[in-house]
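Here's the letter readout for the chains.
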2 protein chains.
Amino acid sequence: MSKETSARLDRVNSQWRIARRPTGDNVQQQDFSLHEENVPACGDGQVLLKTLYLNLAPVMRMYMMGEAAAREKPLNIGDVIHGRGVAEVVESRHSDYQVGDIVQGQLGWQTYKTSSMSAAELMRKIPDRGVSYGLSLGPLGMTGFSAYFGFIDRGKPRSGDTLVVSAAAGGVGSIVIQLAKIYGCRVIGIAGGPKKCNSISQWCDNTIDYRNENVATRLEQLLPNGFDIYFDNVGGDTLDACMDNMNTGARIVLCGSISEYTSDEPYGLKNYARLRNTNASMHGFFVYNHEQQFAQAEADLARWILSGELTPLVDVVEGFKAMPEGLARLYAHKNIGPAYCRVQGDCYDQQ
Amino acid sequence: MSKETSARLDRVNSQWRIARRPTGDNVQQQDFSLHEENVPACGDGQVLLKTLYLNLAPVMRMYMMGEAAAREKPLNIGDVIHGRGVAEVVESRHSDYQVGDIVQGQLGWQTYKTSSMSAAELMRKIPDRGVSYGLSLGPLGMTGFSAYFGFIDRGKPRSGDTLVVSAAAGGVGSIVIQLAKIYGCRVIGIAGGPKKCNSISQWCDNTIDYRNENVATRLEQLLPNGFDIYFDNVGGDTLDACMDNMNTGARIVLCGSISEYTSDEPYGLKNYARLRNTNASMHGFFVYNHEQQFAQAEADLARWILSGELTPLVDVVEGFKAMPEGLARLYAHKNIGPAYCRVQGDCYDQQ
């Protein structure tokens, strides 16, 4: 059974719980506490899942601040931190699942979980595509799907369009810039620092290092006519700066606002009225509203990965104990590509 | 010659010029000065135009503040105030125009003008539709076209949609609410004060008096699922309040921001990120980008007026001398329907 990669069953379920609300603009080790309890018993109609990978995403600080977001409820102090992950079925009393199946969904920050595999837990089986199952937390999961639906469905790219992407070395951004090349766009990637800019330069016609360059001024130099699509992963003043440089009919895709997850006050967008003079538009989207099209997105993205047109950039943190540190890396802007933690890993993982 | 309504030619061209930049949140009589000069001579290839009607629009304060807007240059102190109007050709040395033709375009705040009828002056002949030519400054002009393209092209109304309109008793708003009824929408109109709310109640399923009611709370009560279209004529905190009440896939049409024409600082829009969770979008538009479709819009709007489906609400100020006072009425929110000044009037005007 080739899918069975880690069926050894420990007795202990390790959990990261929230110890206190984060303050400042990052999370700290003391915001978390490590618990150990017995692995729960698998009830009738349930499966016991063993965690292989856990996702790390900027939105997690929102849950910790007590806000509902991305289909998760606010966290109370003492709760297991919300998080999606990849797991292996190690025991099954559910007719649709057998031992060795690999699934993805709401696991929480823990090494075991029992589940009735309900839609509410956003659980789904992951097909074996000959690549690490961890990629389903990046290019073959919500990160890739956000890039896919945001860029294709909302951005409506045409060959020759100019695309600007913020957080272009991040999870979604690093996929968007590669999709844009597949679609024949000119690509300008905004990222922080020379290391990140270098990591994406092979897919960008130009990069802007927002830490060392003025974004608005550089965009004006590079795009005298403005952009056709701006894929926004950061919100805030970068979004305002970009709105100074819109071509007629420009589309702005609002994907994420990492700058806002760490801010107590919502940012006041000053340039929204400029949408008027340029006949431009701004499109929000929530990836789960596209659930019916996930299979199509996964198939397309996997095809591009296998053909070499899409190179997954992933930022893998090793071991369950490193989860808090791995999350803090995101707000310190240290990750390149989508970040996740290898809790157990799988047979494809060392490729 | 039935079109010739006011061919008597005075010797004096009266002009309103800008005497100083407005301060505060309105314009004052002292911001303007009245000049008289000789009627200019009609050169070769030119026509002499006699003003019949002059438009009054919130954007005029932008010109006076020294900002370019709506295809007009910033005003310098001493300049004739920019403004569109309707005029009669009283002398013609231009092969395409004859005495008695009625035209619309950039006249400025003055009673006579010579013009080579160039595209730069946005001049066009107005067909005789059996209604006051003044309506081409309202329902049959840019005001009507803004309502038409904003609502139909950007709002993409479907029968059964719920529409919210701010400044619903204003120039654009009073047309949008009537178009929405033609399209089978449920209409909620926001206006200031009982008098304005009463003036639009025949076309609204509900009205909200923003001076005496909390807009966000009322919208929440009236629309548990939120609106499908919000036609925004005011920007600012009303736009923010509306963004708390969006249905999935909602469209926001950004038409005007009267709240911003009178503010020195741009408003910071706090709720823009809510577009994400609802798959909503925000569409700016600039009516002159639709110039190729103006004839179609005028024909449709005239048809609806003649059939009685669209009732023009107009706010007519009497006499050229009343122009500054007429403009101030707008920022004091006193007008109901699009505002213009009857300088000379026409044969249809007393209907």
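Check the entry above for the structure.
Residues numbered from 1 in each chain as written. Chains lettered and ligands numbered in written order. Predicted model: local features only at pLDDT ≥ 70, side-chain atom pairs only at ≥ 80, totals over all residues.

(A) Representation of the environment of Lys321 of chain A. You can see Lys321 of chain A is positioned in the loop between β14 (315-318) and α9 (323-331). C-alpha of Lys321 of chain A to C-alpha of Ala295 of chain A: the two residues are 26 residues apart in sequence and 33 Å apart in space. (Helix = DSSP H or I, 4+ residues; strand = E, 2+ residues; numbered from the N terminus.)

(B) Geometry of the interface of chain A and chain B. Contacts between the two partners involve 23 residues from chain A, matched on the other side by 23 residues from chain B. Here the element with the most residues in the side of chain A that touches chain B is strand β13 (residues 281-284) of chain A; it accounts for four residues. Looking at the side of chain A that touches chain B residue by residue, the class counts come to ten nonpolar, ten polar and three charged. Looking at chain direction, β13 of chain A and strand β13 (residues 281-284) of chain B are connected through three bridges and run antiparallel. In the strand pairing of β13 of chain B, His283 of chain A is matched with Ser281 of chain B. (Contact = placed C-beta atoms within 7 Å. Nonpolar A, V, L, I, M, F, W, Y, C, P; charged D, E, K, R; others polar. Pairing = 2+ DSSP bridges.)

(C) Spatial organisation of the relation of the copies chain A and chain B. Structural alignment of chain A on chain B gives an RMSD of 0.1 Å, achieved by rotating through 179° and translating 0.1 Å along the axis. In short, the pair behaves as if placed about a two-fold rotation axis. In terms of C-alpha distance to the rotation axis, chain A has Gly268 of chain A as its closest residue, with the C-alpha 1.8 Å off the axis. Comparing interface residues between copies, 100% of those in chain A also lie at the interface in chain B; the contact surface is shared. (Least-squares fit on C-alpha atoms with pLDDT ≥ 70 in both.)

(D) Representation of the packing of helix α2 (residues 142-154) of chain A against helix α8 (residues 294-307) of chain A. Residues and elements named next belong to chain A. As a packed pair, α2 and α8 sit with axes 10 Å apart at the nearest point and diverge in direction by 100°. Taken together, the axis directions place α2 and α8 in an arrangement best described as roughly perpendicular. Residue-level contacts link Gly144, Phe145, Tyr148 and Phe149 of α2 to Phe294, Ala297, Asp300 and Leu301 of α8. Partitioned by chemical class, the residues of the contact of α2 with α8 number six nonpolar, one polar and one charged. (Axes fitted to C-alpha atoms, helices over the stretch in contact; angles between N-to-C directions. Parallel < 35°, antiparallel > 145°, perpendicular 65-115°, else oblique.)

(E) Structural detail: unusual backbone geometry. Its identity is not glycine, yet Ala167 of chain A carries a phi of approximately 50°, on the positive side. The exposure class of Ala167 of chain A is buried, given the 28 C-beta atoms found within 10 Å. (Buried ≥ 20, exposed ≤ 12 C-beta atoms within 10 Å, placed from the backbone.)

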